[in-house]
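# Breakdown of the fold
These are the residues of each chain, in order.
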Amino acid sequence: MTEEGSRALRRVVRGFVAASVLSMAAGIWLSIGTGDWMWFARSGAILTALGLVLASRKVLIARADLLALLSDMERVDGAERTVRLASFKRLQRDIDRQVMERAGFALLILGTLVWGFGDLLGRL
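My aim in this report is to walk through the structure given alongside it, one point at a time. (Residues numbered from 1 in each chain as written. Predicted model: local features only at pLDDT ≥ 70, side-chain atom pairs only at ≥ 80, totals over all residues. Heavy atoms only, no water.)

### Quick word on helix 2 (residues 38–55)
Let me state the cut-off plainly: A helix here means a DSSP run of H or I that spans at least four residues, while a strand means a run of E at least two residues long, and both kinds are numbered starting from the N terminus. Expected span, for any helix, means 1.5 Å times one less than how many residues it has. For each residue, the accessible area found with a 1.4 Å probe, counting protein chains only, is set against the maximum for its type, and the residue is called buried under 20%, exposed over 50%, and partly exposed in between.
Over its 18 residues, helix 2 runs 26 Å from end to end, which matches the ideal 26 Å to within 8%, given 1.5 Å per residue. Among all positions in helix 2, only Arg-42, Ser-43, Ala-45, Ala-49 and Leu-52 are buried.

### Things to note about the packing of aromatic side chains
Put simply, the rule is: Pairing of aromatic rings covers Phe, Tyr and Trp, the last counted by its six-membered ring, and requires centre-to-centre distances within 6.5 Å; plane angles under 30 degrees mean stacked, over 60 mean edge-to-face, and any other angle means tilted. Over a ring means this: the NZ of a Lys or the CZ of an Arg is within 6 Å of the ring centre and within 35 degrees of the ring normal.
For the structure on display, the rule yields one aromatic pair. With 6.3 Å between their ring centres and 75 degrees between their planes, Trp-37 and Phe-40 make a pair best called edge-to-face. Classification of Trp-37 by relative accessible area gives partly exposed; the value is 48%. In this structure, Arg-42 is placed above the aromatic ring of Trp-39, and the distance from its NZ or CZ to the ring centre is 5.1 Å.

### Considerations on the environment of Ala-19
Secondary-structure assignment places Ala-19 in helix 1 (residues 3–34). Sequence separation between Ala-19 and Ile-46 is 27 residues, and the spatial gap between their C-alpha atoms is 9.2 Å.

### Here's the deal with a nonpolar patch on the surface
As a reminder, the rule being used: Patch building starts from residues that exceed 30% relative accessible area and form no salt bridge, then joins like charges within 9 Å and nonpolar side chains (Val, Leu, Ile, Met, Phe, Trp, Tyr) within 5 Å. Here, Shrake-Rupley sampling with a 1.4 Å probe gives the accessible areas, and only protein chains in the shown set may cover a residue. Note on definitions: salt bridges are taken to be side-chain nitrogens of Lys or Arg within 4 Å of carboxyl oxygens of Asp or Glu.
Where nonpolar side chains cluster on the molecular surface, the patch consists of Leu-9, Val-13, Val-17, Val-21, Met-24, Ile-28, Ile-32, Trp-37 and Phe-40 and spans about 770 Å² of accessible area. Among the elements that make up the nonpolar patch, the one with the highest residue count is helix 1 (seven residues). Within the fold, Val-21 resides in helix 1. Of the residues examined, Val-21 reaches a relative accessible area of 47% and is grouped as partly exposed.

### Describing the environment of Ser-31
Put simply, the rule reads: The contact rule is simple, with two residues in contact once any of their heavy atoms fall within 4.5 Å. The definition of a polar contact used here is a pair of N or O atoms within 3.5 Å, where within protein one atom must be able to donate a hydrogen and the other to accept one, and adjacent residues in sequence count solely through side-chain atom pairs.
You can see Ser-31 is positioned in helix 1. A residue is classified by how much of its surface remains accessible, and Ser-31, at 0% relative accessible area, is buried. A sequence separation of ten residues divides Ser-31 from Ala-41, and the C-alpha atoms of the two residues are 9.2 Å apart. Not counting the four nearest positions on each side in its chain, Ser-31 is found in contact with Asp-36, Trp-37, Trp-39 and Phe-40. Reaching out from Ser-31, the side chain makes a polar contact with the backbone oxygen of Gly-27 at a distance of 2.8 Å. Here the side chain of Ser-31 touches Phe-40 through a polar contact of 3.0 Å, landing on its backbone nitrogen.

Okay, here's the thing in structure tokens:
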């Protein structure tokens, strides 16, 4: 990974950590304000969803890798192009598998949010 890529990754992680801290702080604030500590528990559902998104980073960046590989392939020919084409096909297979993973992560996030906040629908 390049130094620029590493810095970008650290920024993403810091953003997720900040969102997690803000979520917990909001849960504590609402819990103190209402006297109902269920709000803090609900912030845990948000933390879980954020963690799932962060853990799925491979799925989220695979398309960018594929596009970069395609761009590289346009600049080469001969044996190098054959090697890159093989890499492209391997990456495409990985992306096909990751479609299922992405759907799974989406369901986990949705389920976690329903688990944490579903009872509020009845209060609207």
